[in-house]
Each structure stands twice: as C-alpha cells, then as structure tokens.
Amino acid sequence: MTEIPRQTQSISWTAPADVMKAAAGLDMSGYLQAVVHGELPNSPAIELMGIRLERFENGSAEVSFRPCDYHVNFVGAVHGGVISAVLDSCIGYAVNTTLKPNEAFVTTQLGIQYVRGIRPGTAMFTAKARLRHRGSRVVFADAVLIDDRDVVHALATATCSITERAVG
C-alpha cells in the first residue's frame with residue numbers, strides 16, 4: 001500500500017479548573033465578556049473546534065467559525081457533527097446569558113437541519129442563536145448558521161434543562 005501523507009494540527013488549551021479560578025468573582029456576563037475580548041480562554045472543546053464568541057446579550061449569542069481541512073469527512077465536506085457542535089455551542093452561550101449564579105444547564109435535545117454543504121476554507125461562518133422560551137427548568141432555543149453572504153447552511157432547535165450548578 002502506498003504511503004499517504006499526513007497533516008498535523010497543533011493546539012493548546014487551558015484546563016477548565018484553571019479558567020474557573022481565573023474567572024472567580026465574575027458573573028456570567030463578565031466571564032463571557034472576558035472571552036469575547038480574549039482575556040480568558042474558552043473551554044477546550046470550543047477552542048479545538050475553532051469557535052469564537054463574537055457577541056452576546058440576554059437570550060442571544062453569535063459565534064464565528066472558519067471551517068478547516070481537519071473538519072472534513074471522507075467526501076471533503078465539513079462533518080455534520082462539527083456543524084452541530086457549532087450550533088449547539090452558540091445556543092449554549094445564549095442560554096448562559098440567562099443563568100443565575102446557582103444554575104447550570106444541559107442540552108437535552110438538539111435537532112439539526114442541514115440546508116447545504118460546507119467546504120473548508122470557503123468562507124467565514126456565523127451562527128446566531130436566540131431563546132424562544134426561558135422557563136424555570138426548561139429552555140427552547142434556535143440557531144442558524146450562515147456564510148459571509150448571509151446564505152443559510154444549517155438550522156438548529158434545542159431543548160435545554162436548567163439544573164443546579166455543582167459546587168466545587
């Protein structure tokens with residue numbers, strides 16, 4: 001069998017426990033603002049995907065994402081799981097904007113509608129999420145992934161459960 005050339009991608013990240021220590025004393029808005037301005041790193045998973053929080057306000061968020069060669073599947077399109085992660089992360093930021101200090105959340109349902117394929121290196125993409133309903137224990141949200149010409153590539157709906165934040 002012929003030797004196939006391999007590509008490499010090097011990443012670095014900060015342990016979540018270290019970020020929590022650095023963010024001590026910040027409320028969620030302060031933490032998110034520090035992430036937007038690059039003063040605090042994001043979670044390792046989000047850093048690995050190349051997702052960047054651009055802006056947020058109560059009940060909404062916007063992230064940017066530039067697909068790279070290492071995001072593709074066997075046929076050369078950006079893997080659906082990557083697209084799903086971008087949309088889920090954006091929705092997560094929107095939910096986070098509404099959390100009280102003693103609250104956390106988990107996504108309990110995520111539906112993705114893929115509208116058109118994405119190739120790496122073709123454009124910068126933006127995901128925009130907003131909450132449709134924020135109750136005391138459940139959140140309904142949606143998001144859209146658009147390219148730099150405002151063409152829709154994917155849509156998402158999510159249900160999230162509000163939980164009590166773990167101490168420690």
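Residues numbered from 1 in each chain as written. Predicted model: local features only at pLDDT ≥ 70, side-chain atom pairs only at ≥ 80, totals over all residues. Heavy atoms only, no water.

1. Description of the pattern of salt bridges
Scanning the entire structure with this criterion turns up six salt bridges. In this structure, R52 engages E54 in a salt bridge whose closest nitrogen and oxygen atoms are separated by 3.7 Å. The exposure class assigned to R52 is partly exposed, which follows from its relative accessible area of 40%. Classification of E54 as partly exposed rests on a relative accessible area of 27%. Linking E103 and R134 is a salt bridge whose minimum nitrogen-to-oxygen distance equals 2.8 Å. Pair noted here: E103 is in strand β3 (residues 103–114) and R134 is in strand β4 (residues 125–134), with a separation of 31 residues, a long-range link. Judged by its relative accessible area of 7%, E103 is buried. In the salt-bridge network here, residues are joined through shared partners; they are R130, R132 and D142. (Salt bridge = Lys/Arg side-chain N within 4 Å of Asp/Glu carboxyl O. Buried < 20%, exposed > 50% of the residue type's maximum accessible area, 1.4 Å probe, protein only. Helix = DSSP H or I, 4+ residues; strand = E, 2+ residues; numbered from the N terminus.)

2. A closer look at helix α2 (residues 28–36)
Within α2 the residues assigned to the buried category are Y31, L32, A34, V35 and V36. Residues of α2 that are buried in the fold lie against α1 (16–22), β1 (51–57) and α4 (80–96). Where α2 terminates, the next one or two residues include G38, which has phi positive at roughly 75°. (Contact = heavy atoms within 4.5 Å.)

3. Comments concerning the layout of surface pockets
To find the voids left in a structure, one rolls a probe of water-molecule size over its atoms. A volume near 1,100 Å³ is recorded for the largest pocket. M20, M28, Y31, N96 and R165 are, among the 33 residues lining the largest pocket, the residues nearest its centre. At the level of secondary structure, the elements contributing two or more residues to the lining of the largest pocket comprise α1, α2, α3 (44–49), α4 and β3. When residues of the lining of the largest pocket are assigned to their parent elements, the largest contribution, five residues, is made by α4. Considering only residue class, the lining of the largest pocket consists of 18 nonpolar, 11 polar and four charged. Within this model, the second largest pocket holds a volume of roughly 210 Å³. If you trace the second largest pocket, you find it lined by P5, R6, Q7, T8, Q9, D69 and Y70. In the lining of the second largest pocket, the residues fall into two nonpolar, three polar and two charged. (1 Å grid on protein atoms, 1.4 Å probe; cavity = no way out; pocket = protein on both sides within 12 Å on 5 of 7 lines; lining within 4 Å. Points joined across faces, edges and corners; volume = space filled by probe spheres on them. Nonpolar A, V, L, I, M, F, W, Y, C, P; charged D, E, K, R; others polar.)

4. Considerations on a nonpolar patch on the surface
A cluster of nonpolar side chains, contributed by I11, W13 and L48, occupies part of the molecular surface with about 320 Å² of accessible area. Mapped onto the elements, W13 comes out in the segment before α1. You can call W13 exposed: its relative accessible area is 54%. (Patch = residues over 30% accessible without salt bridge, like charges linked within 9 Å, V, L, I, M, F, W, Y side chains within 5 Å. Areas by Shrake-Rupley, 256 points an atom, 1.4 Å probe, with all protein chains shown as cover.)

5. Regarding the pairing of β1
Pairing analysis gives six bridges linking β1 to strand β2 (residues 60–65), with the strands arranged antiparallel. Bridge pairing in β2 places E57 opposite S60. Connecting β1 to the next strand, β2, in antiparallel fashion are two residues, including G59 with a positive phi near 85°. (Pairing = 2+ DSSP bridges.)

6. Quick look at the nonpolar core
If you look at the biggest cluster of nonpolar residues, it comprises 42 residues, and the most contacted ones within it are L53, V63, L87, I91, V95 and L145. Listing elements by their share of this core, those giving two or more residues are α2, α3, β1, β2, α4, β4, β5 (138–146) and β6 (152–164). Tallying contributions element by element places α4 first for this core, with nine residues. The residues touching V95, leaving out its near neighbours within four places in the chain, are F105, L131, V139, C160 and I162. (Core = buried A, V, L, I, M, F, W, Y, C linked by side-chain atoms within 4.5 Å.)

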